[in-house]
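So you can see what is in the structure, the chains are spelled out below.
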Amino acid sequence: MNRRHLLLSAAAIGAALAAPLSHAQDAPIRLVVPYAPGGPLDVTARALAERVRDTLGVVVVDNKAGAGGNIGADLIAKSAPDGHTIGIAATATHAVNPWLYNRMPYDAAKDFAGITQMVRVPNVLVVNAARAEQLKINTLQDLIAYAKANPAKLNYGSGGNGSAGHLAGEMFKQKAGIFALHIPYRGASPAQLALLAGEVDFNIDNLAAAAPNIKSGKLKALAVTSLEASPMLPGVPPLSQTFKGFAIDTWWGLVAPAGTPKPVIAKLNKAFTEALKAPETKTRFSALMAEPVATTPEQFDAFMAAERAKYQQVVKASGAKVD
């Protein structure tokens with residue numbers, strides 16, 4: 001009887017661990033996006049939510065923007081670890097903000113369990129096309145040469161202090177040995193509008209956001225910040241071609257609260273990675289200049305840890321701080 005009792009108890013424990021997602025059809029999964037609706041993170045999250053409906057049931061996207069993504073990320077961290085609340089982890093929330101903000105409401109290293117990376121998007125150095133024609137800047141080398149010949153005459157915009165565009169810009173200036181005044185805006189969209197209006201000379205923006213204006217000819221792409229050239233922007237060289245090892249990509253993925261049972265994480269990973277590998281997903285994401293990246297939970301956890309270590313040095317070198 002004792003042995004039978006032990007076997008039954010073990011089975012009961014296993015069932016309890018699997019239970020949180022076993023009733024997914026009755027209890028929708030909440031997918032928290034820590035940014036406003038309409039952006040690339042939101043669009044890709046909604047696309048995947050639709051694709052996993054048959055395997056996971058209804059997935060409801062819940063936008064919780066604010067504090068550079070910290071409000072939404074904190075909501076994920078403090079949710080019950082039962083698989084019914086998951087969310088987006090991004091470059092800012094899980095690699096940059098821990099070093100940028102003096103006070104963080106969550107621990108990016110301890111409060112989350114990775115599910116899978118979702119997307120990788122190259123950043124791209126873009127100049128106002130009309131301004132580039134006026135200054136005869138057709139290549140990255142032209143921009144560097146102009147900056148050196150005209151000290152303190154260039155400026156660049158970003159979505160704010162400590163944003164990916166700001167950090168990439170400071171890295172570029174340091175590597176190139178040039179000066180350009182940083183002008184922070186309240187978000188990436190206002191920074192792009194400033195570039196289009198000629199208020200700033202160049203930006204380093206994510207390709208998903210910059211692509212429409214590159215295609216229309218309003219912006220000229222000089223280099224991508226990925227380690228390798230991007231197939232989504234043929235003919236545009238990587239900054240690493242000029243500055244060895246230069247690499248700052250925009251990425252995001254899915255996480256659950258720490259302590260979510262491994263069987264639940266495994267089920268979520270299987271559903272979302274299958275969705276990411278679907279040809280329809282690749283086609284839809286390519287329109288956003290985004291590359292689907294499906295990983296194991298362990299690979300995504302290791303990737304986020306490596307990104308935190310990298311950005312610790314980058315943020316420190318930039319001198320950027322919030323509050």
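Definitions and cut-offs
- Residues numbered from 1 in each chain as written.
- Predicted model: local features only at pLDDT ≥ 70, side-chain atom pairs only at ≥ 80, totals over all residues.
- Heavy atoms only, no water.
- Helix = DSSP H or I, 4+ residues; strand = E, 2+ residues; numbered from the N terminus.
- Buried < 20%, exposed > 50% of the residue type's maximum accessible area, 1.4 Å probe, protein only.
- Contact = heavy atoms within 4.5 Å.
- Pairing = 2+ DSSP bridges.
- Salt bridge = Lys/Arg side-chain N within 4 Å of Asp/Glu carboxyl O.
- Polar contact = N/O pair within 3.5 Å; in protein donor to acceptor, adjacent residues only side chain to side chain.
- Axes fitted to C-alpha atoms, helices over the stretch in contact; angles between N-to-C directions.
- Parallel < 35°, antiparallel > 145°, perpendicular 65-115°, else oblique.
- Left-handed = near helix turned anticlockwise from the far one by under 90°.
- Nonpolar A, V, L, I, M, F, W, Y, C, P; charged D, E, K, R; others polar.

1. Points about the overall build of the chain
Looking only at helices and strands, the chain features 13 helices and 10 strands. When the backbone C-alpha atoms are referred to their principal axes, the chain occupies close to 85 × 40 × 30 Å. In the chain, buried positions account for 51% of the 323 residues. Once local pairs closer than 6 in sequence are excluded, the contacts in the chain between residues at least 24 apart make up 78%.

2. Structural notes on the pairing of strand β4 (residues 112-128)
Across the 17 residues that make up β4, a large majority, 16, are buried. Note that β4 and strand β9 (residues 249-257) share nine bridges and pair antiparallel. Bridging from a neighbouring strand, Ala113 pairs with Ala256 of β9. As defined by bridge partners, β4 adjoins strand β7 (residues 202-206) across five bridges and the pair is classed as antiparallel. Across the sheet, residue Asn123 finds its bridge partner in β7, namely Asn206. Where β4 meets strand β8 (residues 219-224), five bridges bridge the pair, whose relative direction is antiparallel. Among the inter-strand pairings, Val127 is bridged to a residue of β8, identified as Lys220.

3. Thoughts on unusual backbone geometry
Phi is positive for Ala152, close to 65°, though the residue is something other than glycine. Secondary-structure assignment places Ala152 in the loop between α7 (140-149) and β5 (155-158). Although it is not a glycine, Met289 adopts a positive phi angle of roughly 60°. Mapped onto the elements of the fold, Met289 is located in the loop between α12 (279-286) and β10 (291-292). Exposure remark for Met289: the relative accessible area of 8% places this residue in the buried category.

4. A short note on the pairing of strand β3 (residues 85-90)
Burial runs high along β3: six of the six residues are buried. Where β3 meets β9, four bridges bridge the pair, whose relative direction is antiparallel. Each residue of the ladder has a partner; that of Gly87, found in β9, is Val255.

5. Overview of the pattern of salt bridges
On inspection of all chains with the given rule, the structure shows 10 salt bridges. With a shortest N-O distance of 3.1 Å, Lys173 and Glu170 are connected by a salt bridge. Taken together, the positions of Lys173 and Glu170, both in helix α8 (residues 164-176) and three residues apart, correspond to about one turn of that helix. The partner of Lys270 in a salt bridge is Glu274, with the nearest N and O atoms 2.9 Å apart. With Lys270 and Glu274 both in helix α11 (residues 262-277), this residue pair falls four residues apart, about one helical turn.

6. Some details on helix α10 (residues 207-215)
Among all positions of α10, only Leu207, Ala208, Ala210, Ala211, Asn213 and Ile214 are buried. Looking at the buried side of α10, the elements it contacts are α2 (40-51), β4, α9 (188-196), β7 and β8. Its side-chain oxygen 3.1 Å from the backbone nitrogen of Ala208, Asn206 forms the N-cap of α10. Trailing α10 by a residue or two, Gly217 shows a phi angle of about 90°, which is positive.

7. Quick notes on the side chain of Asp62
On the secondary structure map, Asp62 appears in strand β2 (residues 59-63). For Asp62, a relative accessible area of 18% corresponds to the buried category. At a separation of 2.8 Å, a polar atom in the side chain of Asp62 contacts the side chain of Arg30. Setting aside anything within four residues of it in sequence, one finds Asp62 in contact with Arg30, Leu31, Val32 and Val33.

8. Section: the packing of α2 against α12
Two elements in contact, α2 and α12, have axes separated by 11 Å at closest approach and are oriented at 165°. As judged from the angle between their axes, α2 and α12 are roughly antiparallel. You can see that α2 and α12 cross each other, and the crossing is right-handed. Each of Thr44, Ala47, Leu48 and Arg51 in α2 lies in contact with α12, whose residues at this interface are Glu280, Thr281, Arg284 and Phe285. Considered class by class, the residues forming the contact of α2 with α12 number three nonpolar, two polar and three charged.

9. With respect to the side chain of Thr116
Structurally, Thr116 can be placed in strand β4. Judged by its relative accessible area of 0%, Thr116 is buried. At 2.9 Å, the side chain of Thr116 and the backbone nitrogen of Thr295 are in polar contact.

10. Focus: the packing of helix α5 (residues 91-100) against helix α13 (residues 297-318)
Between α5 and α13, whose axes approach to 8 Å, the crossing angle comes to 40°. The angle between the axes of α5 and α13 places the two elements in the oblique class. Considering only the axes of α5 and α13, their crossing is right-handed. Between α5 and α13, the residues in contact are Thr91, His94, Ala95, Val96, Pro98, Trp99 and Leu100 and Met304, Glu307, Arg308, Tyr311, Gln312 and Val315, respectively.

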